[in-house]
Amino acid sequence: MNQTEHESMAEIMWQGRFITAVREGRWEYARRARNIRAAAIIALDDAPDGRHILLVEQDRVPLHRRCLELPAGLIGDDGDADEDAAVAAARELEEETGYRAACWKEAGEFYNSPGMVGESFTLFIARDLERIGTGGGVAGEEITVHRVRLDDLPDFVATKRAEGCGIDVRIAMLLTAGWLAS
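Residues numbered from 1 in each chain as written. Predicted model: local features only at pLDDT ≥ 70, side-chain atom pairs only at ≥ 80, totals over all residues. Heavy atoms only, no water.

## A short note on the nonpolar core
As a reminder of what qualifies: Take the buried Ala, Val, Leu, Ile, Met, Phe, Trp, Tyr and Cys residues and link them wherever side-chain atoms come within 4.5 Å; each set so joined is a nonpolar core. Three exposure classes are used, based on accessible area relative to the maximum for each residue type with a 1.4 Å probe and protein chains only: buried under 20%, partly exposed in between, and exposed over 50%. Comment: elements are numbered from the N terminus, with helices defined as DSSP H or I runs of at least four residues and strands as E runs of at least two. Any two residues whose heavy atoms approach within 4.5 Å at even a single point are treated as in contact.
In terms of nonpolar packing, the biggest core is built from 22 residues, with I42, I53, L55, L70, L123, L153 and L174 touching the most fellow members. Secondary-structure elements contributing two or more residues to this core are β4 (38-47), β5 (50-60), β7 (72-74), β9 (120-131), α3 (153-162) and α4 (170-174). Looking at this core, the element that brings in the most residues is β4, giving four residues. Filtering out sequence-adjacent residues up to four positions away, I53 remains in contact with I42, A43, L44, L70, H146, R147, V148, L150, L153 and L174. A39, I41, L54 and A85 belong to the second-largest nonpolar core, a separate cluster that totals 14 residues.

See below:
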């Protein structure tokens, strides 16, 4: 069965501006309204003292706490439904972290929690970073930017967890030996 056939069988239980709750057979799940997707960025900064990664920390209402994450955002959230994922990734990196990347590589499409959520994100690896601003996101986001040495990442994540910070699942792949070797 293809995607269109599945969608014709789906019953929309509730739809908001960004989220749709769906029932399909015995399954209930959430998906982004209007087929909105996301872009997430692994932003790597090589420096004399080692390779660093940019992470962001922000309040997340569903968690009722702050969360440590990769920089990320919605594709087309500025009203352009045809926005390219790479353009959105570059915009989000600058807005959230204050950095611009000279080198970009698309790492593929991934799914957050495929048993419950239909949302996908395109993952990008950004290199050759240049700081052009303070970051922090757009009005009301209050994003804190962290530039962390990759060698220190496990301890940094453990410290943030001990502080009560939620940890985005995408951070787990960064803790896997060799994931960023290329």
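From this point on, the discussion continues.
## Description of a nonpolar patch on the surface
This is how the line gets drawn: Patch criteria: residues need more than 30% relative accessible area and no salt bridge. Like-charged residues are merged within 9 Å; nonpolar side chains of Val, Leu, Ile, Met, Phe, Trp and Tyr are merged within 5 Å. For the area figures, the Shrake-Rupley method with a 1.4 Å probe applies, and any residue is considered shielded solely by the protein chains shown. Definition used for salt bridges: Asp or Glu carboxyl oxygen within 4 Å of a side-chain nitrogen of Lys or Arg.
On the surface, a nonpolar cluster with roughly 300 Å² of combined accessible area is contributed by M13, W14 and I19. Topologically, M13 is positioned in strand β1 (residues 11-15). Taking the relative accessible area as the measure of exposure, M13 reaches 38% and is therefore partly exposed.

## Overview of the packing of aromatic side chains
Applicable threshold: Between 30 and 60 degrees the pair is tilted, below 30 it is stacked and above 60 it is edge-to-face, where a pair is any two Phe, Tyr or Trp rings, Trp via its six-membered ring, whose centres lie within 6.5 Å. Here, a charge over a ring is recorded when the distance from Lys NZ or Arg CZ to the ring centre is within 6 Å and its angle to the ring normal is within 35 degrees.
Within this structure, the stated rule accounts for two aromatic pairs. Ring plane angle 80 degrees and centroid distance 6.1 Å describe the contact between W104 and F124, whose orientation is recorded as edge-to-face. One end of the pair, W104, is in strand β8 (residues 99-111); the other, F124, is in strand β9, with 20 residues separating them in the sequence. On the basis of an interplanar angle of 25 degrees and a centroid distance of 5.8 Å, the ring pair of F110 and F121 is categorised as stacked. One end of the pair, F110, is in strand β8; the other, F121, is in strand β9, with 11 residues separating them in the sequence. One cation-aromatic arrangement involves R170 over F121; the distance from NZ or CZ to the ring centre is 4.5 Å.

## Considering the layout of surface pockets
One way to see where empty space is left: roll a probe the size of a water molecule over the atoms. The condition that has to hold: Residues are said to line a cavity or pocket when one of their atoms sits within 4 Å of a point; the points come from a 1 Å grid over protein atoms alone, cavities being sets where a 1.4 Å probe fits but cannot get out and pockets being open sets with protein on both sides within 12 Å along at least five of seven lines. Grid points are joined across faces, edges and corners, and a volume is the space filled by probe spheres set on the points. Under the convention adopted here, Pro, Cys and the residues Ala, Val, Leu, Ile, Met, Phe, Trp and Tyr are nonpolar, Asp, Glu, Lys and Arg are charged, and Gly plus all remaining residues are polar.
Approximately 1100 Å³ is the volume found for the largest pocket. If you trace the largest pocket, you find 34 residues lining it, with R32, R60, E69, E119 and R170 closest to the centre. Of all elements in the fold, only β3 (27-32), β5, β6 (65-69), β7, α2 (85-97) and β11 (166-167) reach the threshold of two or more residues within the lining of the largest pocket. Top element by residues in the lining of the largest pocket is α2. It accounts for four residues. Classifying every residue of the lining of the largest pocket gives 14 nonpolar, five polar and 15 charged.

## Description of α2
What counts is decided by this rule: Each residue after the first adds 1.5 Å to the expected span of a helix. For the purposes of these results, a polar contact is taken to be a pair of N or O atoms within 3.5 Å, where, inside protein, one atom must be able to donate a hydrogen and its partner to accept one; residues adjacent in sequence count only when each atom of the pair is a side-chain atom.
Along its 13 residues, α2 runs 18 Å from first to last C-alpha, staying within 8% of the 18 Å computed at 1.5 Å per residue. Among all positions of α2, only A85, A88, A89, R91, E92, L93, E96 and T97 are buried. Those residues of α2 that are buried are in contact with β4, β5, β7, β8, β9 and β10 (144-149). Two to three positions downstream of the cap, the backbone nitrogen of A86 sits 2.9 Å from a side-chain oxygen, assigning the N-cap of α2 to D84.

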